[in-house]
Amino acid sequence: MVRKIGILTSGGDAPGMNAAIRAVTRVALSNGIEVVGVRDGYRGLLDENFETMTRSSVSDILDRGGTKLGSARLPEFKEDEVQERCVATMKKSGIDALVVIGGDGSYRGALALTQRGINCIGLPGTIDNDIPGTDFTIGFDTALHTCVECVDKLRDTSSSHHRASVVEVMGNHCGDLALYTAISCGAEMVITPETGYDELEVLEKLRYLGEAVHKNHAIIIISEKITDVDALAKKISQNTGFSGRATVLGHIQRGGSPTPKDRMLASMMGEKAVDLLMEGIGGQCVGIIDNCITSMPINEALERPRQSRKRLYRLFDRLV
């Protein structure tokens, strides 16, 4: 029987994490289970940096971005000795189970603790939407709204100055944020790990758009870690009729009040996590697949191929 649940956020912060913290806390408390917040991710387990969570602890955080509990990376958590120390601190504090909100690295930590006797459930919290086992992650929708708002504003000034705006968005090695932004903003090009990158092809297409189609501006959405966008913008200015300008949206994408969709998603996932732990289930992660909240073993989720976006890439090509 679960008497006390710990909750932590790990890796990069994402809008909606606070909504998940709130849901786990209140659902657990309503079932007579104590809740302990672990500050600064897995490092908080190691340092025994805990705080007792009450209903009032999570009041007025639903609409706040970031994470109330803080987040920090702990590379040494992979070591057996560190994991054993974390388990010892939890047992010392009477923590029977743990909810971990974060990315695939956070999932692996949750799986390792489960194998050491502490049931853990993972919730997908990242703006990158790069976690297998779920169609969407907590924070993705809010980041998408931020990207769309920024690109819409860039389009206004680009059309006034015959510019080609190269906009770099986050995503790690996943192109979802770039793809969804490109479709939502009517971009002329999208470049992601899935599309590949051919600089000559980009320049040729821009020359065609300027000379044959007579467009007075162009928007290119590109995922991070693909190329130097400042260098690309300079080459656009030198080799096409457009004035190239690069904009890196950066960490602004991680901030802001979560959208209603992210608040709902986080709340439903938080509830599911507590339900699983009350059933004595650990080593699983929660996701949303075909609009249904579901769960599966973490190791199975990590081995699953990510959902193909071929249909959406085809849609983008037909809309350009």
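What you see is a predicted model, and the numbers here were worked out from it, not measured in a lab. (Residues numbered from 1 in each chain as written. Predicted model: local features only at pLDDT ≥ 70, side-chain atom pairs only at ≥ 80, totals over all residues. Heavy atoms only, no water.)

Draft legend 1. Quick peek at the sheet that holds strand β8 (residues 218-223). If you trace the four strands from one edge of the open sheet to the other, you get β7-β8-β6-β9, paired in parallel fashion. Edge positions in the sheet fall to β7 (189-191) and β9 (243-248), since each of these pairs with one other strand and no more. For this sheet, the mean inter-axis angle between neighbouring strands, taken without regard to orientation, is 20 degrees. In the sheet, strand β6 (residues 163-169) pairs with β9 via six bridges, with the strands oriented parallel. Residue R163 lies in a different strand from β9, and its bridge partner there is S243. (Pairing = 2+ DSSP bridges. Helix = DSSP H or I, 4+ residues; strand = E, 2+ residues; numbered from the N terminus. Axes fitted to C-alpha atoms, helices over the stretch in contact; angles between N-to-C directions.)

Draft legend 2. Structural context of the domain arrangement of the protein chain. Along its sequence, the protein chain is carved into domain 1 (4-139 + 258-305) and domain 2 (141-255). Taken together, the 13 residues of domain 1 in the interface contact 14 residues of domain 2. Counting the surface domain 1 buries against domain 2, the share from its top three residues, I127, D128 and T259, is 41%. Summed over the shared surface of domain 1 and domain 2, the number is one salt bridge. For the salt bridge of R254 with D13, the shortest nitrogen-to-oxygen distance reads 3.9 Å. Taken together, the links from domain 1 to domain 2 amount to ten residue pairs in polar contact (both at pLDDT 80 or more). Considered class by class, the residues forming the side of domain 1 that touches domain 2 number four nonpolar, four polar and five charged. (Domains from an automatic or database assignment. Contact = heavy atoms within 4.5 Å. Buried area = accessible area lost by both parts, 1.4 Å probe. Salt bridge = Lys/Arg side-chain N within 4 Å of Asp/Glu carboxyl O. Polar contact = N/O pair within 3.5 Å; in protein donor to acceptor, adjacent residues only side chain to side chain. Nonpolar A, V, L, I, M, F, W, Y, C, P; charged D, E, K, R; others polar.)

Draft legend 3. Structural detail: unusual backbone geometry. Of note, the phi angle at E48 is positive, near 55 degrees, even though the residue is not glycine. In this fold, E48 is placed in the loop between α2 (41-47) and β3 (50-53). In this structure, H214 takes a positive phi of about 60 degrees despite not being glycine. For H214, the location among the structural elements is in the loop between α7 (199-211) and β8. On the basis of relative accessible area, H214 is assigned to the exposed category, the value being 61%. (Buried < 20%, exposed > 50% of the residue type's maximum accessible area, 1.4 Å probe, protein only.)

Draft legend 4. Region of the structure containing the layout of surface pockets. Roughly 870 Å³ of volume is contained in the largest pocket. Forming the boundary of the largest pocket are 33 residues, of which G11, R73, D104, G105 and S106 lie nearest the centre. Per element, the largest residue contribution to the lining of the largest pocket is six residues, and it comes from helix α4 (residues 104-115). When residues of the lining of the largest pocket are assigned to domains, at least three fall in each of domain 1 (4-139 + 258-305) and domain 2 (141-255). (1 Å grid on protein atoms, 1.4 Å probe; cavity = no way out; pocket = protein on both sides within 12 Å on 5 of 7 lines; lining within 4 Å. Points joined across faces, edges and corners; volume = space filled by probe spheres on them.)

Draft legend 5. Region of the structure containing the UniProt feature "binding site: Mg(2+)" (unreviewed entry) in the protein chain. UniProt annotation of "binding site: Mg(2+)" (unreviewed entry) refers to D104 when read in the numbering used here. Looking at the element boundaries, D104 is found in helix α4. On the basis of relative accessibility, which here comes to 35%, the residue D104 falls in the partly exposed class. Apart from the residues within four sequence positions on either side, D104 is in contact with I131 and L302. (UniProt positions renumbered as here; feature names shortened; annotations may be inferred.)

Draft legend 6. Quick look at the pattern of salt bridges. Overall, the coordinates contain twelve salt bridges when judged by the stated rule. A salt bridge links R43 to E76; the shortest N-O distance between them is 3.7 Å. In this pair, R43 sits in helix α2 while E76 sits in the loop between β3 and α3 (80-92), placing the two residues 33 residues apart along the sequence. Notably, a salt bridge pairs K92 with E48, separated by 3.4 Å at the nearest N-O pair. Of the two residues, K92 sits in helix α3 while E48 sits in the loop between α2 and β3, which places them 44 residues apart along the sequence. Overall, E48 belongs to the partly exposed group, its relative accessible area being 32%.

Draft legend 7. Inspection of the sheet that holds strand β11 (residues 292-297) at higher detail. The sheet built from seven strands is open, its strands ordered β3-β2-β1-β4-β5-β10-β11 with mixed pairing. Only two strands of the sheet have a single partner each, and these edge strands are β3 and β11. Each adjacent strand pair in this sheet contributes to an overall mean axis angle of 25 degrees, direction not counted. Relative to strand β2 (residues 34-38), strand β1 (residues 4-9) runs parallel, the two sharing four bridges. The residue bridging I7 from the neighbouring strand is G37, located in β2. Helix α1 (residues 17-30) contacts β1, β2, β3, β4 (97-102) and β5 (119-124) of the sheet and is inclined by roughly 180 degrees relative to β1.

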